[in-house]
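Each chain is listed here by its residues.
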Amino acid sequence: MRSTNNSFADDGRAWDGSRKNHRARRSLRIDADSPSRLLRSAQVGQCAACGNRVEWYQRPGSTPIPLHPEELPASTVPAGQRWHVSSGAAHAGQDGSAWCRVRHHAVCPAGPAGNLNPLLAETRRALGLTSRRLQGAGLFTPSPEKEPAPAPPSLPGRTVVCLLYTRYLAPGPLEQLQCVAHTRSRRRCPLPVRDSGALPGTWRLEPVDPLLGPGGGRLPIAQEVMAVYDLTGLAYAEQLRWHNQRCSTHAGIDEAADHARIEWERFDPVRHRPYTRDRIPDS
């Protein structure tokens, strides 16, 4: 005798949102016109606050965004909260279809409820029930909000790098910068971006760029220098390899998709001040 009270039986998912039946794997490819090199199979994550599934998508010229994995009727979602996915990238607004996506933060049960319309409120209640079930089964523990730890005052782990005439902040030491390519074993490439056999960059002491003030004027930072790992002296193809965060093996393989998001951050002299250093590190 089988129970008929399982509300997830019709959509083929278990109570925690995972799929019941796993189909045979098939090869995934990135469209040549896609602005994103990320594979969708590698970008399904879990919200650290509520434990529900989210799908990460790139935004053109901006940071990635977590979207609710299900589509909702566009007519029932406020115009300012509608998102659509095109060629692997997320775009705000309406694309003319009857369905749309919403940001996970708009329906996250761990966040403030706010003034939601009936559809988003019902979606938030369903996600809250799933979150409580995950916590009750011991499959998820909400992570407490913590203030970011201040960087050490001398020789921070993150490095300011200049490539393609733009300054970026590395996620950590350059020796630990890992390739983001998707391998045939369906995992992230373990090789480092820094190749011991390739030409290295040059450490330089350069002045900090002027900042754009809140009133539109420029606030100069005088008599301040910082150590920058300069790669602009290398060939364009080599700088592009660093920018794409690829190892030497995957540098010329165009069909190899990205398994993870590129971890470079555009350098901000104010926000990234704790990571700057005023002397060149020892080699």
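Scroll up a little and you will see the structure.
The following paragraphs examine the structure supplied in this document. (Residues numbered from 1 in each chain as written. Predicted model: local features only at pLDDT ≥ 70, side-chain atom pairs only at ≥ 80, totals over all residues. Heavy atoms only, no water.)

**Some thoughts on the pairing of strand S5 (residues 83-86)**
Relative to strand S6 (residues 89-92), S5 is paired through 4 bridges, and the arrangement is antiparallel. When the sheet's bridge partners are listed, Val85 is paired in S6 with Ala90. Counted between consecutive antiparallel strands, the loop separating S5 from S6 contains 2 residues, among which Ser87 sits at a positive phi close to 55 degrees. (Pairing = 2+ DSSP bridges. Helix = DSSP H or I, 4+ residues; strand = E, 2+ residues; numbered from the N terminus.)

**Focus: the pairing of strand S13 (residues 225-230)**
Among the 6 residues that make up S13, 5 are buried, leaving the element largely enclosed by the rest of the structure. Direction of pairing for strand S10 (residues 202-207) relative to S13: antiparallel, over a ladder of 6 bridges. Its bridge partner lying in S13, Thr202 is registered against Asp230. (Buried < 20%, exposed > 50% of the residue type's maximum accessible area, 1.4 Å probe, protein only.)

**Comments concerning the packing of aromatic side chains**
The final tally for this structure, using the stated rule, is 2 aromatic pairs. A ring pair is formed by Tyr168 and Trp264, whose centres lie 6.1 Å apart and whose planes are at 55 degrees; its orientation type is tilted. Remark: Trp264 occurs in the loop between helix H3 (236-243) and strand S14 (265-266) and Tyr168 occurs in strand S9 (residues 166-169); sequence separation between them is 96 residues. Note on accessibility: Tyr168 and Trp264 belong to one class, buried. Sitting above the plane of the Tyr275 ring, Arg158 keeps its charged end 5.0 Å from the centroid. Directly above the ring of Trp56 sits Arg261, whose terminal nitrogen or CZ lies 4.6 Å from the centroid. (Phe/Tyr/Trp six-rings, centres within 6.5 Å; stacked < 30°, edge-to-face > 60°. Lys NZ or Arg CZ within 6 Å of the ring centre and 35° of its normal.)

**Some remarks on H3**
Those residues of H3 lying buried are Glu238, Gln239, Arg241 and Trp242. All buried residues of H3 fall inside an arc of 155 degrees around its axis, so they share one side. Along H3, exposed side chains directed more than 90 degrees from the buried face belong to Tyr236 and Ala237. Buried residues belonging to H3 abut strand S8 (160-163). Looking one or two residues beyond H3, the residue adopting positive phi is Gln245, at roughly 55 degrees. (Arc of directions from axis to C-beta. Contact = heavy atoms within 4.5 Å.)

**So, the sheet that holds S13**
The pairing of strands in a sheet comes from backbone hydrogen bonds and takes either a parallel or an antiparallel form. Sheet architecture is open: 5 strands sit in the order S10-S13-S8-S9-S14, paired in mixed fashion. Since the sheet does not close on itself, it has two edges, and those belong to S10 and S14, each with one partner. Across 2 bridges, S9 lies against S14 in antiparallel orientation. Within the sheet, the bridge partner assigned to Tyr168 lies in S14 and is Arg266.

**Side note on helix H2 (residues 118-136)**
For H2, spanning 19 residues, the distance from its first C-alpha to its last is 27 Å, which sits close to the expected 27 Å at 1.5 Å a residue. Along H2, the positions that sit buried rather than exposed are Leu120, Ala121, Thr123, Arg124, Leu127, Gly128, Thr130, Ser131 and Leu134. Of the surrounding elements, those touching the buried residues of H2 are strand S4 (72-73) and helix H1 (104-107). Directly beyond the C-terminal end of H2, a positive phi value near 75 degrees is found at Gly138. (Expected span 1.5 Å × (residues − 1).)

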